[in-house]
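Breakdown of the fold
Given next are the chains, with one letter for each unit.
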Amino acid sequence: APVRIDGRDVQVSASIGIALCPRDGSTPDALLKSADAAMYEVKEGGKNSYYFSTVDVRTRLSRRLEVERQLRQALHENELEVVYQPQVALSDSRLVGFEALLRWHSADLGIVSPGEFIPVAEEAGLMLSFGDWVLQTACSQVLSWQEQGYPLTLLSINLARDQLCAAGFGARLLTILATTGFAPAQLVLEMKENVVLEHLEAVTRLINTLSPHGIRFSIDDFGTGTSAYSYLKSLPVHLLKIDHRILNESRQPIGNDGFIRAMVSLADLMNLEVVVGGIEREPQERFLRELGCDLGQGYL
């Protein structure tokens with residue numbers, strides 16, 4: 001039940017980790033570590049529940065702690081790398097730019113999946129420094145390609161939650177662009193839809209700060225949220241990126257094509273470009289081209 005404080009209802013939830021003696025430890029210290037590992041599992045699963053400690057749970061926590069420890073040295077040890085996934089105009093398969101993606105090759109852990117290390121970096125507060133490094137590295141690289149004669153027009157970079165909400169991030173980004181000489185009008189900043197919805201005020205503030213400089217914004221993983229799309233009317237974004245998970249491996253050109261048609265119609269209605277990620281097969285690309293999607297990227 002809500003707790004009433006100063007005339008306001010405050011909702012309190014609990015994440016509970018449970019350890020049993022002697023199964024999960026025979027000393028207070030061992031039991032507390034086991035319970036803590038189980039509690040972390042609850043938080044990862046959405047909070048407000050309970051979980052019993054298991055060997056798997058303790059192993060996962062141990063791995064996470066080691067990943068965080070190594071990750072704190074990754075930038076200093078030059079273990080981070082930016083890779084570039086091509087973005088093509090679906091109308092004629094012309095290369096128009098790249099999405100910059102952060103990768104980590106740890107000297108001790110080997111190649112660590114971004115799906116594993118990026119959430120750890122976010123929780124450890126490392127994404128501000130990592131994000132600045134990615135921006136600096138990617139802008140310099142694409143500018144170098146342009147100077148070599150490649151007519152690239154877009155560089156897409158996904159912003160982490162900490163970057164979107166950090167005071168002064170917009171000013172730092174503009175400084176990086178000025179330092180590298182990269183044209184703001186060629187930069188697209190991608191934001192996960194769930195992060196946009198959680199931090200709508202901060203996102204709106206950042207867009208209003210950077211849009212006058214020509215920087216464009218894209219909603220990434222669009223269509224995976226549970227919200228109505230009314231927020232788009234008040235949010236001055238320029239592109240919608242449809243989540244790659246709607247594409248499938250069946251014999252059909254594409255999975256859930258009705259959903260994609262609806263998203264493309266919505267984008268047309270709002271004068272937004274559509275980017276589709278995760279294209280792996282030619283029939284998918286052909287279907288999306290016929291549908292009128294603007295840009296595509298993926299293993300294909």
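See the structure printed just above.
These figures come from a predicted structure and were not determined experimentally.

This next bit is on the overall build of the protein. In terms of regular secondary structure, the protein is built from 11 helices and 13 strands. Counting only C-alpha atoms and orienting by the principal axes, one finds that the protein spans roughly 65 × 50 × 45 Å. In the protein, which comprises 300 residues, the share counted as buried stands at 43%. Look at the contacts in the protein between residues 6 or more apart in sequence, and 63% of them connect residues 24 or more apart. As presented, the protein carries roughly 15800 Å² of accessible surface, and 52% of it is formed by carbon and sulfur atoms. Each charge class in the protein can be summarised by its mean position, and for the 27 positive and 38 negative side chains these summaries are 3 Å apart.

Turning our attention to the packing of aromatic side chains. Applying the stated criterion to the full structure yields five aromatic pairs. Where Trp104 meets Phe117, the ring centres are 5.7 Å apart and the plane angle is 80°; that geometry is what we call edge-to-face. Remark: Phe117 occurs in helix 3 (residues 114–123) and Trp104 occurs in strand 6 (residues 94–106); sequence separation between them is 13 residues. For Trp104, a relative accessible area of 2% puts it in the buried group. Given the relative accessible area of 0%, Phe117 is considered buried. Taken together through their ring pairs, the aromatic side chains of Tyr84, Phe98 and Trp145 make up a single cluster.

We now examine unusual backbone geometry. In the segment running from Cys21 into Pro22, the intervening peptide bond is cis, with an omega of 5°. As for its position among the elements, Pro22 is in the loop between strand 3 (16–18) and helix 1 (28–44). Despite not being glycine, Lys47 has its phi angle at roughly 70°, a positive value. Relative to the assigned elements, Lys47 resides in the loop between helix 1 and strand 4 (50–52). Despite not being glycine, Asn78 has its phi angle at roughly 60°, a positive value. By relative accessible area, which is 69% here, Asn78 ends up exposed.

Applying the stated rule across the entire model yields 20 salt bridges. A salt bridge links Glu116 to Arg63; the nearest nitrogen and oxygen atoms lie 2.7 Å apart. With Glu116 in helix 3 and Arg63 in helix 2 (residues 55–74), this pair connects stretches of sequence that are 53 residues apart. Owing to a relative accessible area of 28%, Glu116 belongs among the partly exposed residues under this scheme. The class of Arg63 is partly exposed, set by a relative accessible area of 34%. In this structure, the salt-bridge partner of Glu68 is Arg64, at a minimum N-O distance of 3.0 Å.

Bringing the environment of Leu20 into the picture now. Structurally, Leu20 can be placed in the loop between strand 3 and helix 1. The contact partners of Leu20, leaving out residues within four places of it in the chain, are Gly25, Leu31 and Phe52.

Helix 2 packs onto helix 1 with a crossing angle of 80° between their chain directions and a minimal axis gap of 9 Å. On the basis of their axis angle, the class for helix 1 and helix 2 is roughly perpendicular. Within the contact between the two elements, helix 1 uses Ser34, Asp36, Ala37, Ala38, Tyr40 and Glu41 and helix 2 uses Val57, Arg58, Arg60, Leu61 and Arg64. Classifying every residue of the contact of helix 1 with helix 2 by side-chain character gives five nonpolar, one polar and five charged.

Cut-offs used in this document
- Residues numbered from 1 in each chain as written.
- Predicted model: local features only at pLDDT ≥ 70, side-chain atom pairs only at ≥ 80, totals over all residues.
- Heavy atoms only, no water.
- Helix = DSSP H or I, 4+ residues; strand = E, 2+ residues; numbered from the N terminus.
- Buried < 20%, exposed > 50% of the residue type's maximum accessible area, 1.4 Å probe, protein only.
- Contact = heavy atoms within 4.5 Å.
- Areas by Shrake-Rupley, 256 points an atom, 1.4 Å probe, with all protein chains shown as cover.
- Lys, Arg positive; Asp, Glu negative; His and termini not counted.
- Charge placed at Lys NZ, Arg CZ, Asp CG, Glu CD.
- Phe/Tyr/Trp six-rings, centres within 6.5 Å; stacked < 30°, edge-to-face > 60°.
- Salt bridge = Lys/Arg side-chain N within 4 Å of Asp/Glu carboxyl O.
- Axes fitted to C-alpha atoms, helices over the stretch in contact; angles between N-to-C directions.
- Parallel < 35°, antiparallel > 145°, perpendicular 65-115°, else oblique.
- Nonpolar A, V, L, I, M, F, W, Y, C, P; charged D, E, K, R; others polar.

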